[in-house]
Amino acid sequence: MVVGSASTPIIKAFNKSDGKLVWETDNGSLMLNSGSVSGNGNLYITDLSSNLKIYDVYSGELLRTIGLNYSSTNGVALDKGQVIAADDTSIFSFASEGTTSGKITNSDGEPIAE
C-alpha cells in the first residue's frame, strides 16, 4: 500500500500483509493524491510543483520526472498503456513505460519464446 501526504512531501509504502514500512522517500513537493500503480510496477504521482513523477513501487526509487504546465491536485488515470494526468489548465497523455520479461512455454514446459 502506498500513501502520500498533503501536509508533508513524504511517500510511504507499507507491506499489505503485516503493515510494516517497506520504503519511504521525499517527493520534494506536496501531493494531494496517493498516485496510481501500473501493472509493471510504476507509481505515478502528480504534485503541487507542477510535476508528474514516476517511482519504482517496489523500491521507492525516482525513475523519471515530467514537467506539467501548472500544479496538479488530481490523481493519475491509467488505461490501456496510457498515463493520463491533468494540471490546473491541461490534460496530458503519455505512453506507459514498461518492460516484458520471462519465458513463454508450451504445455510441456519447453520454451516457445524468451
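Just above, that's the structure.
No experiment lies behind these values; they were computed from the predicted model shown.

Caption draft 1: Spotlight on the side chain of Thr-46. Locating Thr-46 in the fold gives a position in strand β5 (residues 42–46). Polar contacts involving the side chain of Thr-46 include one to the side chain of Ser-72, which spans 3.3 Å. For Thr-46, the side chain forms a polar contact with the main-chain oxygen of Asn-74, separated by 2.5 Å. Discounting chain neighbours no more than four positions away, the residues touching Thr-46 are Met-31, Asn-33, Asn-51, Leu-52, Leu-68, Ser-72, Asn-74, Val-76 and Ala-85.

Caption draft 2: Expanded view of the pairing of strand β3 (residues 21–26). Strand direction decides the pairing type here: strand β2 (residues 10–14) and β3, joined by five bridges, are antiparallel. Among the inter-strand pairings, Ile-10 is bridged to a residue of β3, identified as Asp-26. The hairpin formed by β2 and β3 contains six residues between the paired strands, and Gly-19 there has a positive phi angle of roughly 75°.

Caption draft 3: Focus on the sheet that holds strand β7 (residues 62–67). Taken in spatial order, the four strands line up as β4-β5-β6-β7 in an open sheet, and their pairing is antiparallel. The open sheet has two edge strands with one neighbour each: β4 (36–37) and β7. Strand direction decides the pairing type here: strand β6 (residues 51–56) and β7, joined by five bridges, are antiparallel. Bridged to Asn-51 within β7 is Gly-67.

Caption draft 4: Structural view of unusual backbone geometry. Residues other than glycine seldom take positive phi values, yet Ser-50 does so here, at roughly 70°. Note on placement: Ser-50 falls in the loop between β5 and β6.

Caption draft 5: Looking closely at the sheet that holds β2. Here three strands make up an open sheet; going across it, the order is β1-β2-β3 and the pairing antiparallel. Here the strands that pair on one side only, and so sit at the sheet edges, are β1 (2–3) and β3.

Caption draft 6: Geometry of the side chain of Asn-51. Tracing the chain through its elements places Asn-51 in strand β6. With relative accessibility at 15%, the residue Asn-51 sits in the buried group.

Caption draft 7: Representation of the pairing of β5. Burial analysis of β5 places five of its five residues in the buried class, the great majority of the element. Neither face of β5 is left uncovered, since the one carrying Asn-42, Tyr-44 and Thr-46 and the one carrying Leu-43 and Ile-45 both have all their residues buried. Taken together, the two bridges between β4 and β5 define a ladder with antiparallel strand orientation. Paired with Ser-36 across the strands is Tyr-44, a residue of β5.

What counts, and where the lines are drawn
- By convention here, each chain's residues receive numbers from 1 onward along its written sequence.
- Only residues with pLDDT of 70 or above have their local features reported here, since the model is predicted, and side-chain atom pairs are shown and tallied only from 80 upward, although totals for entire chains, interfaces and linings are computed over all residues.
- Values reported for side chains reflect all heavy atoms of the structure, with hydrogen atoms and water molecules removed beforehand.
- In this description a helix means any DSSP run of H or I spanning at least four residues, a strand means any run of E spanning at least two, and both kinds are numbered starting from the N terminus.
- The definition of a polar contact used here is a pair of N or O atoms within 3.5 Å, where within protein one atom must be able to donate a hydrogen and the other to accept one, and adjacent residues in sequence count solely through side-chain atom pairs.
- Contact criterion: two residues are considered in contact whenever any of their non-hydrogen atoms come within 4.5 Å of each other.
- Two strands pair if DSSP finds at least two bridges between them.
- Exposure is judged per residue with a 1.4 Å probe applied to protein chains only, and the accessible area is read against the type maximum: over 50% gives exposed, under 20% gives buried, and values in between give partly exposed.

These figures come from the coordinates and say nothing about function on their own.
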